[in-house]
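Each chain, letter by letter, is given below.
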Amino acid sequence: MAITASIGFPRMGPRRELKRMVEQFWQGKIGEDELTARAAELRKLRWQVQRDRGVEWIVANDFSFYDHVLDAACLFQVVPERFRGLPSGSFEQYFAMARGSADAAALEMTKWFDTNYHYLVPELEPQQVFALGVNKPLNEYLEAKALGVDVVPQLIGPVTFLKLSKVVGRDADPLSLLPNLIPAYEAWLASLHEAGARWVQLDEPALVLDLTDAERQAFVDAYAALTKGPRPNILVATYFGSLGDNLATALELPVEGLHLDLVRSPDALQQVHALGWPKGRRLSLGVIDGRNVWRADLDLAFAHLEQGVHLAGPEHVMVAPSCSLLHVPWDVELETDMDPEIKSWLAFALQKLDEIALLKRALDEGRAAVEAEWEANRALLASRRASARLNREDVRGRLDEAKGWKLERQSPHAVRKEKQAARFALPLLPTTTIGSFPQTQAVRDARAKWRKGEWTTDEYEAYLRGEIRRWIDIQEDIGLDVLVHGEFERTDMVEYFGEMLDGFVFTKHGWVQSYGSRCVKPPIIYGDVARPAPMTVRWSTYAQSLTEKPVKGMLTGPVTILQWSFVRDDIPRAETCRQIALAIRDEVLDLEAAGIGMIQIDEPALREGLPLRRADWEAYLGWAVECFRIASSGVRDETQIHTHMCYAEFNDIMPAIQAMDADVISIETSRSHMELLRAFEHFRYENDIGPGVYDIHSPRVPSVDEMVELLRKAANVIRPEQLWVNPDCGLKTRGEPETVAALRNMVAAARRMRASLSQPVG
Ligand SMILES: CN1c2c(nc(N)[nH]c2=O)NC[C@@H]1CNc1ccc(C(=O)N[C@@H](CCC(=O)N[C@@H](CCC(=O)N[C@@H](CCC(=O)O)C(=O)O)C(=O)O)C(=O)O)cc1
Ligand SMILES: N[C@@H](CCS)C(=O)O
Ligand SMILES: [Zn+2]
């Protein structure tokens, strides 16, 4: 009998219950007891929902108050010195590590593989000691057991944990700390064994990355050591790609099960077959896409399962999603207003569990037993493929035409820089922000009233204009050089454009966790993309009409719109991206024609979209840069194109960033104390650049001294005449007083730095 599995479930709950309780706790509206009780209720709901849908392998510890990598750090007492004064294992310490406190900066946050989920980077000391702390996975296991649900404790595996960590204060490989870490994992396994757990799931997605021989050896050593003592059975979960040259290592590990992502790696079972599947081991087959929202092709999934059964035997096969369902929304049935035809093509987490249960029945009882459901699935897939709503002649025609375009600005950057300097007359080290200002409760309430019909569109838009006016005044008062309108009209930088472009459908409840309590509602691209009308021009021109200073037009770039949407799986991603790029190009040209002199095209997801394997980079970067250039290259020399990226390791993609040829790029660097600028030591970047001088994820107001220090570091690798001064990212998540205070300090820091640069040396 095959086993149904979920390997990880969305955390937030159907109505984002987790977000609400955590934010209420932060605001002091509820205390620890209520937070703890409500969290237990939510965990119960999540387990029950999975059990009721027929899932047998349900995991514990996929719940987290903020992030599962932070949880693992806390489990092994990896607490940086600056937080040790806070009560060990307390909510206070935990949330301070996540969000920072008045006197301690938060842990660095970065992308979880190629997803839009962000984890906190554990900080290890060169001689880090690991010890088992509050045993959250064990506690959750016992909690489920008391509810009568048999769950599998899950945890990030030791090698992936170290690979995602950083050693502070020394350029050391975190994997060198493996011998220190293993005893703590052993103690953890022993604790679960003692409590009666039969299995654990150790997630090792690092196995899909390019690994060195030493890293592969680290897996071998780690699991040889881990499997010595008393312990539950171990299933190693890999996802987000193919194991490729790491497959032999994975098969060699002395564990009892392995999970493979067959959506991203459809050939995986042929490769396993070639090497031989170890007899008696459990094979978990990730056949349902955990990264997208389309109904599965059950015939395809079933073919994989049959192959899996052939390799491992029916009693050893698990039917599973490709990865944790963390990355998809909860339930498509909550979308009562969605176009019914498109809705019928979709499967969110709950529907994916149904698909898994159906596949199990087909395996166990034979396909004939589920004929009706099977035929219904085939019919839906066929209706989607044949739908006239997918393809548009006009869009395809424009794409063909664009193939002949040169995609170059009129002049090289040096020439443009002179023309733009004459047009804008900015000081050295110009100050600006990344685009958004606080999306306060008042802004959201205004939007909610308009959505509910309590406010007319005129009333809502008058409110937005009022906010823009207020913030233009604030920015002038602070003394910023280049202003923004504040993005108050946007729910989210991708969802907003998705709602205005053809070919997209959007949800009301399709929330996916992005980091901590913050969620996004990725739009769904189901057909060819086109722009029916200008999208941002009236907001930008209104803001520009209020000030003599330049106001940047603010757009989301094609790669980011693609990356942060659920995309169609019937045409290549690159093709959809080119369609979006043409739509953004039209918007850029309309902004320029309306007199907007600076236009920012944000591409924060460009780095995130980089394939996990280096061999695939060139092809991706080729079309990603091409799309940025489709969007940006049509303007005059005097129009200044900005771009912005956050959460990125830039070293790898410097040539691509240069090839984008934006006049100015702002990047996130402050959280890593400008470490990210190392890329610029080795690569001579020609255009202008604004390395972020303060972290926008923390409510902490950075001091002038701190920011001057960061600017000094930046000036060591970037020529002052190239340097801009800005925060790491947009300020939408911040409160107003701290934003104003931080920006005042930032402007003071820029002024002090300008003064010191103009002092004669010696
Ligand atoms: C830059 N980032 C982004 C990423 N991905 C995106 N798609 N967008 C991004 O900006 N990835 C990397 C980073 C991640 N950063 C963030 C930062 C902030 C958020 C965030 O604040 N998300 C909000 C949700 C935003 C939103 O859509 N708000 C709506 C209100 C929705 C709502 O709560 N409605 C109420 C009902 C209101 C009523 O009717 O009374 C409800 O549903 O209960 C809005 O502005 O109107 C968040 O709160 O999590 C995300 C990623
Ligand atoms: N312009 C956007 C970029 C976020 S990555 C903002 O400021 O929020
Ligand atoms: Zn950003």
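Reading the values: the criteria
Residues numbered from 1 in each chain as written. Chains lettered and ligands numbered in written order. Predicted model: local features only at pLDDT ≥ 70, side-chain atom pairs only at ≥ 80, totals over all residues. Heavy atoms only, no water. Core = buried A, V, L, I, M, F, W, Y, C linked by side-chain atoms within 4.5 Å. Buried < 20%, exposed > 50% of the residue type's maximum accessible area, 1.4 Å probe, protein only. Contact = heavy atoms within 4.5 Å. Near = heavy atom within 4 Å. Polar contact = N/O pair within 3.5 Å; in protein donor to acceptor, adjacent residues only side chain to side chain. Areas by Shrake-Rupley, 256 points an atom, 1.4 Å probe, with all protein chains shown as cover. Helix = DSSP H or I, 4+ residues; strand = E, 2+ residues; numbered from the N terminus. Nonpolar A, V, L, I, M, F, W, Y, C, P; charged D, E, K, R; others polar. 1 Å grid on protein atoms, 1.4 Å probe; cavity = no way out; pocket = protein on both sides within 12 Å on 5 of 7 lines; lining within 4 Å. Points joined across faces, edges and corners; volume = space filled by probe spheres on them. Donors = N, O, S within 2.8 Å, 3.2 Å for Na, K, Ca; no water. Tetrahedral: all angles 85-135°; square planar, octahedral: opposite > 155°, others 65-115°. UniProt positions renumbered as here; feature names shortened; annotations may be inferred. Disulfide = S-S within 2.5 Å.

Participant: Help me out: how do you make sense of the nonpolar core in this one?
Facilitator: The nonpolar side chains of soluble globular proteins are, as a tendency, buried together. Ranked by size, the top nonpolar core spans 125 residues in total, and within it Trp-57, Phe-76, Trp-112, Phe-130, Phe-161, Tyr-223 and Leu-359 carry the most contacts. If we ignore the near neighbours within four places in the chain, the residues touching Phe-76 are Val-129, Phe-130, Ala-131, Leu-132, Leu-155, Leu-181, Ala-184, Tyr-185 and Trp-188. In terms of nonpolar packing, the next biggest core, distinct from the first, is built from 102 residues, Val-625, Ile-653, Ile-657 and Ala-714 among them.

Participant: Is there a simple way to think about the site of ligand 1 in this case?
Facilitator: The immediate surroundings of ligand 1 are formed by 26 residues, with Lys-19, Asn-116, Arg-447, Asp-492 and Lys-732 found nearest. Lys-19 is positioned such that a nitrogen or oxygen atom in its side chain is 2.6 Å from an oxygen atom of ligand 1. About the coverage of ligand 1: the protein hides 81% of its 1,000 Å² of free accessible area. When residues of the shell around ligand 1 are traced back to their parent elements, those giving at least two are helix H1 (17-26), helix H17 (441-452), strand S14 (512-515) and strand S15 (518-520). Top contributing element to the shell around ligand 1 by residue count: H17, with four residues. When the residues that make up the shell around ligand 1 are grouped by side-chain class, the tally is eight nonpolar, seven polar and eleven charged.

Participant: Mind showing me how you'd approach empty space enclosed by the protein here?
Facilitator: A water-sized probe, rolled over the atoms, reveals where empty space remains. According to the stated counting rule, one finds eight cavities of 30 Å³ or more in the structure shown. Lining the largest cavity are 17 residues; nearest its centre among them are Arg-11, His-68, Gln-154, Asp-203 and Tyr-239. Elements supplying a minimum of two residues to the lining of the largest cavity: helix H3 (68-75) and strand S6 (151-156). There is about 100 Å³ of room inside the second largest cavity. What lines the second largest cavity is a set of 14 residues, and nearest its centre among them are Pro-10, Met-12, Gly-13, Trp-330 and Trp-511. When the residues that make up the lining of the second largest cavity are grouped by side-chain class, the tally is nine nonpolar, three polar and two charged.

Participant: In this structure, what is going on with the coordination of the zinc ion (ligand 3)? I would like to understand it.
Facilitator: Six octahedral donors around a metal ideally make angles of 90 or 180 degrees; four tetrahedral donors ideally make 109.5 degrees. Looking at the zinc ion (ligand 3), one finds its protein donor set to be His-644 (NE2), Cys-646 (SG) and Cys-729 (SG), positioned 2.1 to 2.3 Å from the metal centre. Taken together, the four donor atoms surrounding the zinc ion (ligand 3) define angles of 103 to 120° at the centre, an arrangement classified as tetrahedral. Each donor residue of the zinc ion (ligand 3) belongs to the same chain, and together they define the spacing H-x1-C-x82-C. For the pair formed by His-644 and Cys-646, the shared burial category is buried.

Participant: Would you mind going over the UniProt feature "binding site: L-methionine" (unreviewed entry) in the protein chain with me for this structure?
Facilitator: UniProt annotation of "binding site: L-methionine" (unreviewed entry) refers to Ile-434, Gly-435, Ser-436, Glu-487 and Asp-602 when read in the numbering used here. What stands out for the annotated residues spanning 169 residues is how close their C-alpha atoms remain, the widest pair being 12.8 Å apart. Looking at the element boundaries, Ile-434 is found in the loop between helix H16 (413-424) and H17. Judged by its relative accessible area of 4%, Ile-434 is buried. If near-sequence neighbours (up to four positions away) are discounted, Ile-434 is found in contact with Glu-487, Met-554, Gln-600, Asp-602, His-644, Ser-666, Asn-726, Pro-727, Asp-728, Cys-729 and Gly-730. Mapping Glu-487 onto the fold places it in the loop between helix H18 (457-478) and helix H19 (495-500). On the accessibility criterion, Glu-487 (8% relative accessible area) is buried.

Participant: What am I meant to see in the site of ligand 2 here?
Facilitator: Among the 13 residues in the neighbourhood of ligand 2, the closest are listed as Ile-434, Ser-436, Glu-487, Asp-602 and Gly-730. Within the contact set of ligand 2, a nitrogen atom lies 3.1 Å away from a backbone nitrogen or oxygen of Ile-434. Side-chain polar atom of Glu-487 to a nitrogen atom of ligand 2: 2.7 Å apart, as the coordinates give it. Relative to its free-state accessible area of 270 Å², ligand 2 is covered by the protein chains to the extent of 98%. Taken together, the residues of the shell around ligand 2 break down into six nonpolar, four polar and three charged.

Participant: What is the right way to look at the state of the cysteines in this model?
Facilitator: Defined simply, a disulfide is a covalent bond joining two cysteines at their sulfur atoms. On inspection of all chains with the given rule, the structure shows zero disulfides. This cysteine, Cys-519, is not joined by any disulfide, and Cys-729 carries the nearest cysteine sulfur, 17 Å off. Since its relative accessible area comes to 15%, Cys-519 is described here as buried.

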